[in-house]
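This is what each chain is made of:
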Amino acid sequence: MKLTDFKVLTFDCYGTLIDWETGMVEALKPLTSRLGSELTRDRILETHAYYESTQQLLTPDMPYSRLLATVYRRIAEELGVSVTWDECVAYGQSVGNWPAFEDTPAALQYLKQHYKLCILSNVDNASFALSNKRLGVEFDHIFTAEDIGSYKPADKNFEFMISQLARLGYDRSDILHTAESMFHDHKPANRHGLASAWIHRRHDKEGFGATMHPGDMPSYNFRFTSMGEMAKAHQKELGQK
């Protein structure tokens with residue numbers, strides 16, 4: 001199997017293209033700075049992962065910015081910190097400030113020359129529009145949790161994406177799902193018969209950070225530590241330097 005076998009790259013955005021872990025940690029500082037003892041970065045991210053995934057199951061049609069506000073409140077309650085709802089809302093609106101990984105824009109611009117690019121993201125449309133400005137490319141298709149009414153790893157999200165691409169003439173064999181999260185993306189990609197590329201952003205860290213543990217590790221067809229590395233691998237397949 002080669003990268004050049006595919007016609008469509010479908011992407012998770014947050015954690016893969018956007019450095020959501022750095023964005024989260026920075027945006028949570030108004031809360032975490034009030035603690036007497038300093039939490040580790042991974043403890044903050046793992047706590048966030050628990051409350052985010054729990055809330056997504058409870059309220060699958062809640063827009064992501066509103067959901068993040070609720071997550072902020074749940075984290076504050078666990079840590080015993082008093083917060084106002086305005087603070088919670090401010091956190092929910094922080095997504096547009098989360099930075100892109102440094103290698104992302106150039107890699108996407110290169111890959112756009114060879115593939116249709118598609119987003120499948122657990123986000124609302126307004127938040128993604130802000131993030132898209134940081135990515136430096138126009139996506140051919142954008143499918144958000146707000147559009148679909150559920151959050152990955154729900155099968156509904158992948159079924160919707162696959163059916164929409166099928167309407168445009170693309171088979172499952174044409175699609176390479178490209179993502180960091182084993183929990184949100186690779187496990188459901190396995191269930192739906194999609195090839196996948198693991199962008200292992202956390203290759204130098206322990207654990208799963210801002211995503212839940214997937215349980216049994218899913219399979220994947222390619223592994224890269226960045227989008228830049230993926231673009232270079234594609235160039236190598238084409239015989240380019």
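So, how was this worked out
- Residues numbered from 1 in each chain as written.
- Predicted model: local features only at pLDDT ≥ 70, side-chain atom pairs only at ≥ 80, totals over all residues.
- Heavy atoms only, no water.
- Phe/Tyr/Trp six-rings, centres within 6.5 Å; stacked < 30°, edge-to-face > 60°.
- Lys NZ or Arg CZ within 6 Å of the ring centre and 35° of its normal.
- Disulfide = S-S within 2.5 Å.
- Salt bridge = Lys/Arg side-chain N within 4 Å of Asp/Glu carboxyl O.
- Helix = DSSP H or I, 4+ residues; strand = E, 2+ residues; numbered from the N terminus.
- Buried < 20%, exposed > 50% of the residue type's maximum accessible area, 1.4 Å probe, protein only.
- Arc of directions from axis to C-beta.
- Contact = heavy atoms within 4.5 Å.
- Core = buried A, V, L, I, M, F, W, Y, C linked by side-chain atoms within 4.5 Å.
- Pairing = 2+ DSSP bridges.
- Axes fitted to C-alpha atoms, helices over the stretch in contact; angles between N-to-C directions.
- Right-handed = clockwise from strand over helix to strand, strands pointing away.

## Digging into the packing of aromatic side chains
Moving on, step 1. One pass over the structure, following the stated rule, counts 9 aromatic pairs.
Moving on, step 2. Ring centres 5.0 Å apart and planes at 75 degrees place the aromatic pair Tyr50 and Tyr51 in the edge-to-face group.
Moving on, step 3. The structure contains a cluster of three or more aromatic residues connected by ring pairs, namely Phe6, Phe222 and Phe224.
Moving on, step 4. Over the aromatic face of Trp198 sits the side chain of Arg223, whose NZ or CZ is 5.9 Å from the ring centroid.

## Observations concerning the state of the cysteines
Moving on, step 1. Taken as a whole, this structure holds 0 disulfides when the rule is applied.
Moving on, step 2. No disulfide involves Cys13; its nearest neighbouring cysteine sulfur is the one of Cys118, lying 12 Å away.

## Digging into the pattern of salt bridges
Pairing between side chains of opposite charge can happen when their charged atoms approach one another.
Moving on, step 1. Across all of its chains, the model carries 13 salt bridges by this definition.
Moving on, step 2. Measuring nitrogen to oxygen at the nearest pair gives 2.9 Å for the salt bridge that ties Glu77 to Arg74. Taken together, the residues Glu77 and Arg74, both in helix α4 (residues 64-79) and 3 residues apart, mark about one turn of the helix.
Moving on, step 3. You can call Arg74 partly exposed: its relative accessible area is 26%.
Moving on, step 4. Among the ionic pairs, Asp155 bridges to Arg191, the shortest N-O distance being 2.8 Å. One end of the pair, Asp155, is in helix α9 (residues 155-167); the other, Arg191, is in helix α10 (residues 182-191), and 36 residues separate them in sequence.
Moving on, step 5. Residue Asp155 is classed as partly exposed on the basis of its relative accessible area of 31%.

## Here's the deal with helix α11 (residues 227-237)
Along an α-helix, residues three or four positions apart point the same way, because every turn accommodates 3.6 residues.
Moving on, step 1. Regarding α11, the residues found buried are Met227, Gly228, Met230, Ala231 and His234. The arc enclosing the buried residues of α11, seen along the axis, measures out at 160 degrees, which places them on a common side. Away from its buried face by more than 90 degrees, α11 exposes Lys232 and Lys236.
Moving on, step 2. On the buried face of α11, the contacting elements are β1 (8-11), α6 (104-111), β4 (175-179), β5 (195-199) and β6 (222-224).

## What to know about the nonpolar core
Moving on, step 1. Counting 58 residues, the largest nonpolar core has Tyr64, Trp98 and Phe139 as the members making the most contacts within it.
Moving on, step 2. The biggest single contributor to this core is α4, with 9 residues.
Moving on, step 3. Every residue in contact with Tyr64, bar those within four places of it in the chain, is listed here: Trp20, Met24, Glu52, Gln56, Val95, Trp98, Asn122, Val123, Asp124 and Tyr151.
Moving on, step 4. Leu120, Met161, Ile162 and Ile175 belong to the second-largest nonpolar core, a separate cluster that totals 13 residues.

## What about unusual backbone geometry?
Moving on, step 1. A cis geometry characterises the amide bond from Lys152 onward to Pro153, with omega recorded as 15 degrees.
Moving on, step 2. Examined against the element boundaries, Pro153 turns out to sit in the loop between α8 (145-148) and α9.

## Section: the sheet that holds β5
Moving on, step 1. With parallel pairing, 6 strands are arranged side by side in an open sheet as β3-β2-β1-β4-β5-β6. Single-partner strands in this sheet number two, and they are β3 (141-144) and β6. The average angle at which neighbouring strand axes cross in this sheet is 20 degrees, direction not considered.
Moving on, step 2. Taken together, the 4 bridges between strand β2 (residues 116-121) and β3 define a ladder with parallel strand orientation. Pairing of Cys118 across the sheet is with His141, part of β3.
Moving on, step 3. Seen against the sheet, α11 touches β1, β4, β5 and β6 and runs at an angle of roughly 125 degrees to β6.

## Topic: the pairing of β4
Moving on, step 1. For β4, a buried count of 5 out of 5 residues is recorded, marking the element as mostly surrounded by other parts of the structure.
Moving on, step 2. Both faces of β4 are covered, namely the face carrying Ile175, His177 and Ala179 and the face carrying Leu176 and Thr178.
Moving on, step 3. Summarising the sheet, β1 and β4 pair through 4 bridges and their orientation is parallel. Residue pairing for β4: Thr10 is matched across the bridge by His177.
Moving on, step 4. Two elements, β4 and β5, share 4 bridges in a ladder whose sense is parallel. Residue pairing in the sheet places His177 in a bridge with Ser196 of β5.
Moving on, step 5. Each parallel crossover has a hand, and the one from β4 via α10 to β5 is right-handed.

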